[in-house]
Amino acid sequence: MHMLFYIAIVLFAGMFFAKILAKLKLPNVTGYLIAGLIIGPSILGIIPKEGADKLSIISEVALAFIAYSIGSEFNIENLKNVGKGVIVITILEALTAVALVDITMIFIFKQPVPFSLVLGAIAAATAPAATLMVIRQYKAKGPVVNTLLPVVAMDDAVGIIAFGISTTIAKAILNNSTNISVFKIIFIPLLEIFFALLLGFVMGIILTYLSKKARGEDELLSIIIAVLFATTGIAIRFELSSLLACMMVGATLINIDPNNKRAFTTVERFTPPVLISFFTIAGVQLDLSILKDVGILGIAYVIIRVAGKMLGAYLGARISKFPSTVQKYLGYTLIPQAGVAIGLSMVAQNTLPDPYGVQIRTIVLAGTVIYELVGPMITKMALIKAGEIQVGE
């Protein structure tokens, strides 16, 4: 069938299953993933594997907008207001999860270093949507919620940076397996990250200038799409991180012109069908046939990542002298994982040779379904215990 027919099936299936699971109080992203799994080659085969592979450009588009939105959270003035304590917590909860997964995979399960580094880096990412849904639904408020909101806003950016470093080191190891120098492993990743950020900075300046000249929201939307597509295309052409580059576009714009909220709200008109397609296609590409081969690794990833998040959040809150409720319960609210993690797993699949890239994608997608199913419920319980959700209400 033609690709447009497959896209139509993806959109209809994603929306249909999201509505069904919404009745069970589950996040939409879970419905999209399950929809993709059902219509994909693993179950019904409505969309064959080669059909799903040809839809990868949609994923590139979705990743560009996800990273751009994350960049908007890096307003220097806002970062000053949240305080050093929140930044300490964010860095520790993200990187502790990365370190624990790396150590577990390398030293306990004896997995290759490139595989372990890339999988570990993905562990940093947290999905704020499910957590924020619980907060709004139950009107939660208190120290834990006040700390949680800025943490989840900055968390994915830390994850993207960690992923950029890890993937570059992994590629250096794979390309120089017989002659690895410490200089190359350290210098090349830093150089690639620098050029990705430089590209994003330049494109961000261009977008800032052009957005001021835009007449109406339609023209502004077209300019933003053009700039992000150009940034992604250039980054891919020169083997730089398109995620870091697009994140820097958003960060540059929000700091040069902090009052230009239109440049971020306007894209919300364009992204809904793209994101539905993105998550559903991710489910289509979930290969159930290799779950038996990565089952133990998948279970370990799910458990160790949660342990890292909880330990890192506790240490960060303790070091920063936050209230005891924040120290005890913040980690429980950081379990959900979705959009950015799925996107990073796609990049990993294209970065690492078979079977490692496919294994990482399967582990992350399977973990995402688990996290999105149990994460909101655990968040609700933690906020009740913290006294920030009134049980009677």
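Residues numbered from 1 in each chain as written. Predicted model: local features only at pLDDT ≥ 70, side-chain atom pairs only at ≥ 80, totals over all residues. Heavy atoms only, no water.

(A) Inspection of the pattern of salt bridges at higher detail. Tallied over the entire structure, the rule returns 4 salt bridges. Between K309 and E93 there is a salt bridge, and its shortest N-O distance comes to 2.8 Å. With K309 in helix α14 (residues 291-319) and E93 in helix α5 (residues 76-108), the pair connects residues that are 216 residues apart, well separated along the chain. Each member of the pair, K309 as well as E93, carries the same accessibility label: buried. A cluster of three or more residues bridged by salt bridges with shared partners is formed by E93, D155 and K309. (Salt bridge = Lys/Arg side-chain N within 4 Å of Asp/Glu carboxyl O. Helix = DSSP H or I, 4+ residues; strand = E, 2+ residues; numbered from the N terminus. Buried < 20%, exposed > 50% of the residue type's maximum accessible area, 1.4 Å probe, protein only.)

(B) Region of interest: the packing of helix α4 (residues 56-71) against helix α16 (residues 339-351). Packing of α4 against α16 leaves a shortest axis separation of 10 Å and a crossing angle of 130°. Here α4 lies oblique to α16, going by the angle between them. Pair α4 / α16 crosses with left-handed handedness. Residues S59, L63, I66 and I70 of α4 pack against G339, V340, G343, M346 and V347 of α16. (Axes fitted to C-alpha atoms, helices over the stretch in contact; angles between N-to-C directions. Parallel < 35°, antiparallel > 145°, perpendicular 65-115°, else oblique. Left-handed = near helix turned anticlockwise from the far one by under 90°. Contact = heavy atoms within 4.5 Å.)

(C) Geometry of unusual backbone geometry. Note the cis peptide between D354 and P355, where omega equals 5°. Tracing the backbone through its elements, the reader meets P355 in the loop between α16 and α17 (356-385). Look at K139: it is not a glycine, yet its phi comes out positive at around 50°. Classification of K139 as exposed rests on a relative accessible area of 67%.

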